[in-house]
Amino acid sequence: MCLFFFPYDLNSDGGHAHAYENLFYEKSALSAFALIIASSLVLSGCGAKTASTTASAKGSEDALEVKELRYQGSVGAVLFPELAEDLGYLAPLKLKFIGNTISGPQDIQSVVTGDIDFGGAFNGAIVKLLAAKAPIKSVISYYGVDDQTWTGYYVLDGSPIKSAKDLIGKKIAVNTLGAHHEFVIKEYLHRAGLTKDEIDQVTLVVVPPVTSEQTLRAKQIDVAALGGILRDKAEERGGIHPLFKDKDLFGTFSAGSYVLTNKFIKNNPNATRKFVEATAKAIEWARTTPREEVVARFEQIIEKRGRKEDAGAIKFWKSTGVAGKGGLIADKEFQTWIDWLVKEGNLKEGELQAKDLYTNEFNPYKDEANSK
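Predicted, not measured: the structure shown is a model, and the values here were computed from it. (Residues numbered from 1 in each chain as written. Predicted model: local features only at pLDDT ≥ 70, side-chain atom pairs only at ≥ 80, totals over all residues. Heavy atoms only, no water.)

*Asks:* Tell me about the side chain of S138, residues and numbers included.
*Replies:* In this fold, S138 is placed in strand β4 (residues 136-145). Look at S138 and you get buried, because its relative accessible area is 0%. Other than its neighbours up to four places away in sequence, S138 contacts I126, S257, Y258, V259, I329, F334, L357, Y358 and T359. (Helix = DSSP H or I, 4+ residues; strand = E, 2+ residues; numbered from the N terminus. Buried < 20%, exposed > 50% of the residue type's maximum accessible area, 1.4 Å probe, protein only. Contact = heavy atoms within 4.5 Å.)

Printed below as a string of C-alpha cells:
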C-alpha cells in the first residue's frame with residue numbers, strides 16, 4: 001500500500017492545518033513473483049517521495065535562522081506581532097514575552113543591548129538613538145495618527161488652562177520622556193510663541209498611561225496625554241476635554257516603528273522577512289476587518305495569554321492609525337523629526353538622512369511604495 005499526502009489550508013485567517021488522504025489501494029492479479037517485484041518497486045519509489053517531501057517541509061522551517069523573537073508587551077493592549085501570531089501569519093516563528101513596558105525609548109534601547117529582539121518607539125526617539133550611533137534600523141510602522149486614532153492633551157472641565165501660556169508652571173503627564181508626547185508638547189509650545197525659558201517651566205511627569213486619567217481627575221497633574229482606547233474610555237466618563245491634539249499639529253502620519261539591530265537583520269534575513277511580512281499582514285487584517293471582529297479577536301488574545309490584565313479599554317479600539325499600507329515607512333515620517341531635532345540644536349544639518357534610517361525591503365507591500 002502506498003500513501004500520498006497533500007496539505008491544504010483550512011483556515012482563511014492564516015492558520016494552517018494539514019489533512020492526509022490515502023488515494024489508492026490496489027490489488028494486483030499478477031503472479032506472486034511479479035507482485036513481490038512490483039510491490040518492491042512501488043514501495044521504494046513511494047518511500048523516496050515521502051522522504052523528499054518530509055525533507056522539503058523541514059527545509060522550509062530550517063530556513064528561519066531563529067525559532068523565536070523576544071519582545072516586551074503592553075498591558076491591556078495587543079501588539080500587531082501578537083495579532084500576527086494569533087492569526088497564524090507568524091508560524092513557525094514564535095514570540096517570547098519578556099515583560100511589559102510603557103516606554104518606547106526603553107523598548108528600543110533594550111533591542112540595542114540585546115535583551116529583546118525587536119522593539120518599537122516614536123520615530124523621533126529612534127532618530128535620537130540613531131544620532132547616538134545605535135546600530136538599529138526601522139523595518140515597519142506600527143502606530144500613528146488618523147481621524148479616529150490620535151492623542152489629546154486633556155484638562156478637566158473648568159480648568160483655568162485655556163492656552164499654551166497657561167501651561168507655564170504646570171505639570172503634564174506623559175508615558176515616558178524623550179518620545180512622542182514630549183515632541184508634540186514642545187512643538188505646541190513653540191508654535192504658540194513661548195520662549196525656551198518658558199518652555200523649560202512646563203514640567204513633564206512620567207505616569208503609566210493606564211493611570212493618567214485617574215491622576216488628572218485627582219488633580220495631581222494639570223494635563224494628561226490620552227490616546228486611543230484610553231482616551232475614549234476617559235471621554236465616556238466625561239468631565240474632561242482636550243486642550244490640543246497631535247493630529248491638529250501634524251495631520252495624519254505613522255508615528256512609530258519597530259526596529260531590529262543591523263546585526264540581527266544581516267544574520268537573520270529570513271526571520272526578519274517573516275516578522276515584517278506577518279506584522280504587515282496583521283496590520284492590513286485589522287485595517288480591513290470589521291471593527292467589532294477586530295475587538296473580539298483582541299479580547300480573546302488578552303484572555304488567552306493570561307497576564308492578569310484589564311481588557312476593558314480594548315472595546316474602544318477604532319483603527320490602526322498606521323498611514324502606509326502594511327506599515328510601509330515614508331521618508332517624511334523621519335524627516336519631520338530630523339528637522340525638529342536640528343531646530344532644537346540636537347542634530348547638525350545633514351547629519352542624518354531619512355532614507356538611511358529605515359527599510360521597506362522586507363515588507364510585502366513595498367512595490368506600492370516604490371510606485372509612488
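Additional details are given in the paragraphs that follow.
*Asks:* Could you give an account of the packing of helix α7 (residues 209-217) against helix α8 (residues 228-237), naming the residues involved and the relevant values?
*Replies:* Between α7 and α8, whose axes approach to 10 Å, the crossing angle comes to 30 degrees. One way to sum up the angle between α7 and α8 is to call them roughly parallel. In the crossing of α7 with α8, the sense of the turn from one axis to the other is right-handed. Judged by residue contacts, P209, V210, E213 and R217 of α7 engage L230, A234 and R237 from α8. By residue class, the composition of the contact of α7 with α8 is four nonpolar, no polar and three charged. (Axes fitted to C-alpha atoms, helices over the stretch in contact; angles between N-to-C directions. Parallel < 35°, antiparallel > 145°, perpendicular 65-115°, else oblique. Left-handed = near helix turned anticlockwise from the far one by under 90°. Nonpolar A, V, L, I, M, F, W, Y, C, P; charged D, E, K, R; others polar.)

*Asks:* Report on α7, specifying residues and quantitative values.
*Replies:* Taken residue by residue, α7 has S212, E213, T215 and L216 as its buried positions. Projection of α7 onto a plane perpendicular to its axis shows the buried side chains occupying an angular sector of 165 degrees, all on one side. Exposed residues lying more than 90 degrees from the buried face of α7 are V210 and Q214. Packing partners of the buried residues in α7 comprise β5 (151-156), β6 (171-174), β8 (223-227), α8 and β9 (240-245). (Arc of directions from axis to C-beta.)

*Asks:* Just give me the short version of a nonpolar patch on the surface, but keep the residues and values in it.
*Replies:* On the surface, a cluster of nonpolar side chains totalling about 250 Å² of accessible area is made up of I102, L177 and V206. Within the fold, V206 resides in strand β7 (residues 203-206). (Patch = residues over 30% accessible without salt bridge, like charges linked within 9 Å, V, L, I, M, F, W, Y side chains within 5 Å. Areas by Shrake-Rupley, 256 points an atom, 1.4 Å probe, with all protein chains shown as cover. Salt bridge = Lys/Arg side-chain N within 4 Å of Asp/Glu carboxyl O.)

*Asks:* Describe the packing of aromatic side chains, and please don't skip the residues or the numbers.
*Replies:* Scanning all chains against the criterion turns up 18 aromatic pairs. Between Y153 and F244, the aromatic rings sit 4.6 Å apart at their centres with planes inclined by 10 degrees, giving stacked as the arrangement. Of this pair, Y153 sits in strand β5 while F244 sits in strand β9, placing them 91 residues apart in sequence. Owing to a relative accessible area of 6%, F244 belongs among the buried residues under this scheme. Measuring from ring centre to ring centre gives 6.3 Å for F253 and W337, while their planes differ by 55 degrees; the resulting arrangement is tilted. In this pair, F253 is assigned in strand β10 (residues 253-261) and W337 in helix α13 (residues 332-343), connecting sequence segments 84 residues apart. A residue is classified by how much of its surface remains accessible, and W337, at 2% relative accessible area, is buried. The ring of F250 is capped by R191, whose NZ or CZ atom sits 5.4 Å from the centre of that ring. Between the NZ or CZ atom of K245 and the centre of the ring of W150, over which it lies, the distance is 4.5 Å. (Phe/Tyr/Trp six-rings, centres within 6.5 Å; stacked < 30°, edge-to-face > 60°. Lys NZ or Arg CZ within 6 Å of the ring centre and 35° of its normal.)

*Asks:* Lay out the sheet that holds β7 with the relevant residues and their values.
*Replies:* Across a sheet, strands are paired by hydrogen bonds formed along the backbone, either parallel or antiparallel in direction. If you trace the five strands from one edge of the open sheet to the other, you get β7-β6-β8-β5-β9, paired in mixed fashion. Looking at strand neighbours, the two that pair on one side only are β7 and β9, the edges of this open sheet. Going across the sheet, the axis of each strand differs from the next one's by a mean of 35 degrees, ignoring polarity. The pairing of β5 with β8 spans four bridges and is classified as antiparallel. (Pairing = 2+ DSSP bridges.)

*Asks:* Would you mind going over the sheet that holds strand β3 (residues 119-122) in detail, with residue names and values included?
*Replies:* Strand order across the open sheet formed by three strands is β3-β10-β4, with antiparallel pairing between neighbours. Two strands close off the open sheet at either side, each with one partner strand: β3 and β4. Neighbour to neighbour, the strand axes of the sheet diverge by 35 degrees on average, direction disregarded. Bridge analysis of β3 against β10 gives four bridges, and the strand direction is antiparallel. Residue pairing across strands places G119 opposite V259, the latter belonging to β10. Each of β3, β4 and β10 is contacted by α13, which is oriented at about 95 degrees to β10, the strand it contacts most.

*Asks:* Which residues make up α8, and what are the values?
*Replies:* Every buried residue of α8 is accounted for by I229, R231, D232, K233 and A234. In the core, the buried residues of α8 are packed alongside β5, α7, β8 and β9. At the C-terminal side of α8, G238 shows a positive phi close to 75 degrees.

*Asks:* Outline the packing of helix α3 (residues 104-113) against helix α4 (residues 123-131), supporting the account with residue identities and numerical values.
*Replies:* How two helices sit against one another is set out by the angle between their axes and by the gap between those axes. Axis separation between α3 and α4 bottoms out at 10 Å; the angle between their running directions is 40 degrees. Taken together, the axis directions place α3 and α4 in an arrangement best described as oblique. Crossing geometry of α3 relative to α4 is assigned as right-handed. For the pair formed by α3 and α4, the contact residues are P105, I108, Q109 and V112 on the first element and A125, I126 and L129 on the second. Its residues assigned to classes, the contact of α3 with α4 shows six nonpolar, one polar and no charged.

The quantities given are spatial measurements derived from coordinates; they are silent on function.
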